[in-house]
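Coordinate inspection notes
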Amino acid sequence: PGVGTRPSSHDFQGRFTLAFDRAAGLLYIAIDIDDDSIVTESLPGLEHQWWEASDGCEIYLDVVHTDSSAGRQYSLYGTRPSTSFPVGGTAEGLRGVRYGVRRNSAGHVYEWAIDLAHAVGAVGGWREGTSIALDVVGVDRDADGSLSWMAWGDGILKAQRPGSRGDVLLIG
């Protein structure tokens with residue numbers, strides 16, 4: 001894992017799927033996480049450690065996609081959505097973003113629809129073959145207090161480090 005303890009496959013396993021609607025400029029992301037210990041509220045003593053207090057997911061998106069560009073982080077921890085970089089957790093940062101989560105005893109399914117032009121201030125006119133930077137993270141807090149932060153790409157501090165995000169080609 002990027003942070004925490006290495007989970008077993010029955011404890012925590014994830015997959016994600018992307019779709020792109022070129023005409024609408026929408027990027028759809030679905031994250032399906034198997035989790036044997038569902039924690040949606042902060043465990044005692046972790047109430048102020050928002051990113052590691054409960055199960056969640058993080059999306060790191062950079063449509064500028066240069067060697068020095070910053071990414072935008074969208075996250076949902078427990079039942080609390082937020083965004084940061086560059087708009088530090090304000091509702092303004094979630095404009096143009098729709099999200100939802102379904103949970104059952106086997107895990108979580110997170111769904112995101114991000115309006116690329118509105119949400120990240122990018123100019124429209126998306127063409128087939130446009131490259132964006134993206135990373136997806138699953139956060140697994142268990143009732144026993146253990147934590148795993150598992151990313152698709154390498155490294156941490158993904159909003160600030162362009163090399164820690166993967167490449168996605170938009171086709172649509």
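Preceding this section is the structure that the text describes.
Residues numbered from 1 in each chain as written. Predicted model: local features only at pLDDT ≥ 70, side-chain atom pairs only at ≥ 80, totals over all residues. Heavy atoms only, no water.

To continue, consider unusual backbone geometry. One non-glycine residue, Leu157, adopts positive backbone phi at about 50°. Within the secondary structure, Leu157 sits in the loop between strand E10 (147–151) and strand E11 (166–169). (Helix = DSSP H or I, 4+ residues; strand = E, 2+ residues; numbered from the N terminus.)

Following the criterion strictly, the structure yields three aromatic pairs and no others. Centre to centre, the rings of Tyr74 and Trp112 are 6.4 Å apart; their planes meet at 50°, and the pair counts as tilted. On the criterion of sequence distance, the pair formed by Tyr74 in strand E5 (residues 72–77) and Trp112 in strand E8 (residues 107–115) is long-range, its members being 38 residues apart. On the accessibility criterion, Tyr74 (0% relative accessible area) is buried. Relative accessible area serves as the criterion here: at 2%, Trp112 is assigned to the buried category. (Phe/Tyr/Trp six-rings, centres within 6.5 Å; stacked < 30°, edge-to-face > 60°. Buried < 20%, exposed > 50% of the residue type's maximum accessible area, 1.4 Å probe, protein only.)

Spatial ordering of the open sheet is given by E2-E3-E8-E7, a layout of four strands whose pairing is antiparallel. The sheet is open, and its two edges are formed by strand E2 (12–21) and strand E7 (97–104), each paired on a single side. Sheet twist, expressed as the average angle between the axes of neighbouring strands with direction ignored, equals 10°. With eight bridges connecting them, E7 and E8 associate as antiparallel partners. Across the sheet, Arg98 pairs through a bridge with Ala113, a residue of E8. (Pairing = 2+ DSSP bridges. Axes fitted to C-alpha atoms, helices over the stretch in contact; angles between N-to-C directions.)

Counting residues in hydrophobic clusters, the biggest one holds 24 residues, and the most contacted among them are Ile29, Ile31, Leu61, Trp112, Ile114 and Leu116. When residues no more than four places from it in sequence are discounted, the contact partners of Trp112 are Leu27, Tyr28, Ile29, Ile31, Cys57, Ile59, Tyr74, Ser75, Leu76, Val97, Arg98 and Tyr99. Core analysis: the next-biggest nonpolar cluster, separate from the first, contains seven residues, Tyr60, Tyr77, Val137 and Leu147 among them. (Core = buried A, V, L, I, M, F, W, Y, C linked by side-chain atoms within 4.5 Å. Contact = heavy atoms within 4.5 Å.)

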